[in-house]
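Given next are the chains, with one letter for each unit.
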Amino acid sequence: MLKVLVAIDGPAGAGKSTIAKLVAKKFDLMYIDTGAMYRAITYLAQIRNIPPSNVEGLCNLINSISMYFENGKIIVNGEDLSAEIRDPNVSGNVSLYASIPEVRTLLVKLQKDLASEYEVVMDGRDIGTVVMPNAPFKFFLTATPEIRADRRYKELKEKNQQIEYKDILEEIIKRDYIDSNRQTSPLKKAKDAIEIDTTNYTIEEVVDEISNLIQNTIIKRRKDS
Ligand code: DC
């Protein structure tokens, strides 16, 4: 039987999480937002005053908490932190915390454990390359920085957050740079991932394309076995 594991990577604002959630729903898979995991650690580190330089403190923090997903929401120590982790303070600092190798090792282990236990759609930056290198379905979503900033801007405006478009664009460009140039598991397309430029497509069109590819492979494997 084919185990359905779907890896969706790409830069911030390429539509990964919205698309991943819809694909998970279609195929009844668990959705795991790995960016939310790095954000949750950043959020907790900030309220506990653990700077990125305190690697031991960060590892102790990660080892002392429980973190799982329920209906796409991240639950940490029993508390839903979905709203807190979108705070601009977290968005502005998460790349720094996510570039620490020891932090990545611990979170990647958690992610691998989830993928070995369940059928999942996982989105992030290193899912197809590091977390699920053997996933049968890998996608790499891109879009221009301007369209990605525009999407984030609209999303945050809908949540009534006071924010300027130019600040979001600046942050996206800065985050792309840090995520793509860090030493450990930089944002990179896996060789066998299918690249989809979402700039001129709607969410539904991308979800349909990904779903058709998954469905066709499932049908083919069933016929072959
Ligand atoms: O997808 P996002 O914007 O919520 O991700 C938040 C940050 O976490 C982003 O700066 C990159 C980092 N990240 C990562 O390094 N590896 C992942 N697998 C997922 C996210």
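Residues numbered from 1 in each chain as written. Predicted model: local features only at pLDDT ≥ 70, side-chain atom pairs only at ≥ 80, totals over all residues. Heavy atoms only, no water.

Attention shifts here to the overall build of the protein. Across its full length, the protein carries nine helices and eight strands. Scaling as 2.2 N^0.38, a compact globule of 225 residues should have a C-alpha radius of gyration of about 17 Å, and the protein matches this with 17 Å. Over its C-alpha atoms, taken along the principal directions, the protein stretches across nearly 55 × 35 × 30 Å. Relative to its 225 residues, the protein shows a buried fraction of 47%. Here the protein has roughly 11,800 Å² of accessible surface; of this, 50% comes from carbon and sulfur atoms. In the protein, 31 positive and 33 negative side-chain charges are present, and the distance between their average locations comes to 3 Å. (Helix = DSSP H or I, 4+ residues; strand = E, 2+ residues; numbered from the N terminus. Rg over C-alpha atoms; globule rule 2.2 N^0.38 Å. Buried < 20%, exposed > 50% of the residue type's maximum accessible area, 1.4 Å probe, protein only. Areas by Shrake-Rupley, 256 points an atom, 1.4 Å probe, with all protein chains shown as cover. Lys, Arg positive; Asp, Glu negative; His and termini not counted. Charge placed at Lys NZ, Arg CZ, Asp CG, Glu CD.)

Another point: the layout of surface pockets. The computed volume of the largest pocket comes to approximately 1,100 Å³. At six residues, the largest contribution of residues to the lining of the largest pocket is made by helix 7 (residues 145-158). Residues that form the lining of the largest pocket fall into these classes: 14 nonpolar, 14 polar and 19 charged. Here the second largest pocket is characterised by a volume of approximately 260 Å³. (1 Å grid on protein atoms, 1.4 Å probe; cavity = no way out; pocket = protein on both sides within 12 Å on 5 of 7 lines; lining within 4 Å. Points joined across faces, edges and corners; volume = space filled by probe spheres on them. Nonpolar A, V, L, I, M, F, W, Y, C, P; charged D, E, K, R; others polar.)

On to unusual backbone geometry. Backbone phi values are negative for most residues with the exception of glycine, while trans is the configuration of most peptide bonds. Positive phi is not limited to glycine here, since Asn 71 has a value of about 50 degrees. Along the chain, Asn 71 turns up in the loop between strand 3 (67-70) and strand 4 (73-76). Judged by its relative accessible area of 79%, Asn 71 falls in the exposed class. One non-glycine residue with positive phi stands out, namely Ser 185, at about 40 degrees. We classify Ser 185 as buried; its relative accessible area is 16%.

Here the focus is the pairing of strand 1 (residues 5-9). When you tally the buried positions in strand 1, you get five out of five residues, the bulk of the element. Of the two faces of strand 1, both are covered, the one formed by Leu 5, Ala 7 and Asp 9 as well as the one formed by Val 6 and Ile 8. The pairing of strand 1 with strand 6 (residues 120-124) spans five bridges and is parallel. Note on strand 6: the bridge partner recorded for Leu 5 is Val 120. Relative to strand 7 (residues 137-142), strand 1 is paired through four bridges, and the arrangement is parallel. Looking at the pairing, Asp 9 lines up with Phe 140 of strand 7. (Pairing = 2+ DSSP bridges.)

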